[in-house]
Amino acid sequence: MGEVYEARTGVSRRGFLKGAAAGLIGAGALGTGIVSLTGCSTQGATASGGTVTASATAPGYGGDVAVELTVDTGSGAVKGAAIEGKFETPNRGGRAITTMQQTMIDTESIQVDTVAGATFTSSAIQDASTLAYNEAMGSSGSMEVIMAPGEYTGKAKGYWQIWDLPVTITVNETSILKIDVPTDRFEHGETEVILQSVKDLLFPRIIENQSIAVDAVSGATASSNAVKSAIKQALQEALVAGGSNAAAVSMFQIAPEKKEAGETEELDVDVLVVGMGTGGIAAMKSACETIQELNGGGRVSLLGIDRAGKYGGKSALTHEGCAINPPEYQVAKNSGEPFVDAEAFKATWKQFTTTDGKQTAKEDLIDMYFEESGRTVDWLFDMGWIFGDMGKKNPFTGGLTSYNVALTSNADVGTYEDRRAVLDTYYKQMLAEVAAQGGAYLLETEGYEFLTEGDKVVGVKARNHATGKEYTIHAKAVVMNTGGFSANADMVDALLDERWRGERKRIGTDQDTGLMIQAALDIGAGTYNIGMSPNIMHVSIDHWLHQYPINFYDDVLDGRTGRYKSWTLNNIPIACGISANVVAIDKEGRRYMNEAKYESFADDQDHESWPCFASGNYYYAILSDDVLKEIASEGFNKIYKWEGYCAQGDIPADMPVPEVYEGLGYAVGEGIAWKGETLADLASQIGIDGGVLESTVEEYNILCEGGSDTVYGKDPQYLTKFTSGPYYAIQIFNTSFSTCGGLDVDTDIRVLKDDHATPISGLYAIGVDSMGVLLNPNRNYVGFGGVAQGWLWTSGRLAGKNAAQYINDEYGGFTYVSPALVDVEAQSSAR
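The sections below set out a description of the structure shown in this document. All values derive from a computational prediction rather than experimental measurement.

Time to look at the overall build of the protein. In terms of helices and strands, the protein carries 19 helices and 27 strands. Across the 831 residues of the protein, 59% fall into the buried class. In the protein, once contacts between residues fewer than 6 apart in sequence are set aside, the share between residues at least 24 apart is 71%. Carbon and sulfur atoms provide 48% of the accessible area of the protein, an area that totals close to 30,600 Å².

So, about a nonpolar patch on the surface. Together, F186, F552, L557 and Y564 make up a nonpolar patch on the protein surface, roughly 380 Å² of accessible area in all. The residue L557 is located in strand 19 (residues 550-557) in this model. A relative accessible area of 45% means that L557 is categorised as partly exposed.

To continue, consider the pairing of strand 5 (residues 78-84). Strand direction decides the pairing type here: strand 4 (residues 64-72) and strand 5, joined by six bridges, are antiparallel. Looking across to strand 5, one finds that T70 is bridged to G80. Where strand 4 folds back on strand 5, the antiparallel hairpin that results is connected by five residues, among which G76 adopts a positive phi of roughly 80 degrees.

Relative to the assigned elements, K638 resides in the loop between helix 14 (625-634) and helix 15 (660-669). One polar contact links K638 to E630, side chain to side chain, over a distance of 2.9 Å. When neighbours within four sequence positions are excluded, K638 is seen to be in contact with S579, A580, N581, E630, Q717, Y718 and T720.

This next bit is on a negative patch on the surface. There is a patch of like negative charges on the surface, built from D689, E694, E698 and E699. When you line up the elements, E694 lands in helix 17 (residues 690-706). For E694, a relative accessible area of 38% gives the class partly exposed.

With that settled, consider the pairing of strand 9 (residues 264-274). Of all 11 residues making up strand 9, eight are buried, and the element is well covered by its neighbours. Examined bridge by bridge, strand 9 and strand 16 (residues 470-480) share 10 bridges and lie parallel to one another. The partner of L267 across the bridge, within strand 16, is I473. Two elements, strand 9 and strand 10 (residues 302-305), share four bridges in a ladder whose sense is parallel. Within the sheet, the bridge partner assigned to L272 lies in strand 10 and is L303. A crossover links strand 9 with its parallel partner strand 10, the connecting element being helix 6 (residues 278-294), and its sense is right-handed.

Moving on to unusual backbone geometry. Residues G725 and P726 are joined by a peptide bond in cis, for which omega reads 5 degrees. Checked against the element boundaries, P726 lands in the loop between helix 17 and strand 24 (727-736). A positive phi is found at Q210, a non-glycine position, where the angle reads about 50 degrees. Along the polypeptide, Q210 turns up in the loop between helix 4 (192-209) and helix 5 (221-241). On the basis of relative accessibility, which here comes to 3%, the residue Q210 falls in the buried class.

Parameters and conventions
- Residues numbered from 1 in each chain as written.
- Predicted model: local features only at pLDDT ≥ 70, side-chain atom pairs only at ≥ 80, totals over all residues.
- Heavy atoms only, no water.
- Helix = DSSP H or I, 4+ residues; strand = E, 2+ residues; numbered from the N terminus.
- Buried < 20%, exposed > 50% of the residue type's maximum accessible area, 1.4 Å probe, protein only.
- Contact = heavy atoms within 4.5 Å.
- Areas by Shrake-Rupley, 256 points an atom, 1.4 Å probe, with all protein chains shown as cover.
- Patch = residues over 30% accessible without salt bridge, like charges linked within 9 Å, V, L, I, M, F, W, Y side chains within 5 Å.
- Salt bridge = Lys/Arg side-chain N within 4 Å of Asp/Glu carboxyl O.
- Pairing = 2+ DSSP bridges.
- Polar contact = N/O pair within 3.5 Å; in protein donor to acceptor, adjacent residues only side chain to side chain.
- Lys, Arg positive; Asp, Glu negative; His and termini not counted.
- Charge placed at Lys NZ, Arg CZ, Asp CG, Glu CD.
- Right-handed = clockwise from strand over helix to strand, strands pointing away.

Written out as structure tokens, the structure reads:
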């Protein structure tokens, strides 16, 4: 049996629902911004027939979806439809909006199919359309809820879109009493630590409000929406079993008011950490230790906040950190001998960050990193963290990955999913130790503005997205760990160099909204390499196909998901796109990389890691019928490296795939691929110059005829000459973990003003909020591997320590905190 959440008391729901529904009629017109499933507005209604316009809203993937219908009340035909969902994902939800709107118009009906891959948006469109249609036809109003008591289970796909997440609800006649999900990871497909935040936060909200229109858990949107969709199915089954109309599920989709909206609480702390990823937790622990060293062992005034509904951040999903020769760990694991030649490594790093004889990184920060990163690993090691052999079996060589000396995923038996659980125990331990000394934290609480006094930062304004409560947090020092700004399209287009701008796919939890980066800029903070490319280490297509079944290997675990490895022909578009015998072109139509090594670390500092990055946010993979014939008869046996995060498993390499033409046909129909009988025809469809594409392919064919890629060095086995059409183009998105450049900091991790010399007193920035100081803006991330995580650990430890020291020096000591024992669990829990 899974984990169960129960209502505190029996809920008398029937009378409440009727009153609530009656009170909401008339709200929620298209464009009003009012969140109401039952709310509609009408105009032009007549008793004997005529044309009526009505509108309604329903909660979608990212916010409200609004539907406006014009209905002939005599015939019941839909004469017009307009759908708006400005918070839905453009390529999935947006596709559902466009497709379903047109289908309603063409068929003059709201009975239209959902769009594969956009289930939650499609469902919202159906819900809102039903309400608007009923309103237009004069049949709106409250619906009686009578369910057959018992257990009901619904299923929906979450983040990976591979496995169903089953959700079981227990109901009485009118209410949801319990919510249950499996605890065995092989019975669902969600990342366990993320699903736990949904259990902890979303389930109680649903039961308390008797609504699935509550806010998704920040940082767990996909899992939250899967739960909501599954519960909706289960409720509809329970309603039908009780004799009610399935449409009465709308009574469980009334968005509740935010219970603390309009309230503001003022808090006073010594140190505030904004962003509780790995680095933020490290900063909290380091600050706690340093304060106690300085105040004689007294308890501390320390607070962490995080936008997400869980701590650990995106860094909890990664597995390796670069650190140089940890002294204690060398003794414990390598007989006291260095793992790498540090001076040679540093020289290579500084060569990597030099362009045209100019050093583009901050050398003093590189030097500091080499001095402190090993000490940071020792600090974590002393707290019980376990690392791998740190390069003992992979000594200094020409390959850049040799420098990745703290590969934590090699430390434990199992998969990355197992590693995530191990990291979660580390976080819990560190936070419990901080809480025992007076620290606390708030989840789903996002900072958005700095408080200042003169040149000092003295706090932050923040808000809880779930409750609506505002916080004014006065602090003597603030540590930023907000993950950059890659999820903020406006900031990406404003701050990145032109070639890196534009919508791109991202991996992770999308909590990097950039609000605190912007807040720092607003008070005069300087930046360093902020315009450089985001951290590109994966590629993806716009969306996955859903026409084919998902199959599983019964004896192979997938390292990233921790479940049995999957394969499906839905991967045909991405497989075609990453096959090494395609021609990869940039936005101008020119070939620009070795297609076999689109996604790989470089062999030396003179070459690019993940060279696909150089085209900007996307590129095109061009295929001829020659390539497709090989795939149809021999299979996808020319893929040098499968994409790990952005595919639904793989396709067996030794399996012929005659369905490749059919799969690409689906992809063309869904706007993720294009087909042309000639190269010129194909070029016109994707908006590039036909002559340029023809010239590119002609030059490539010459290389194929010569049997050697003298331009980019692709292995000759992957050189397939293009001789005949049809030709296909697949849009491949360079997919990022985060932005790389950020605020300028000094060796104390203090944020500098835009004069790049004067510290902003009381403000520190760690992780990717300041990682640009170590990098080359002309290149992708850095070639050594694990630098983002290593910098996060190191800058977090130092920022916490230095913030505490600053408070002691600037303010003459720390806030007195009573030494009386407190409830540790209460102090450490999210408020």
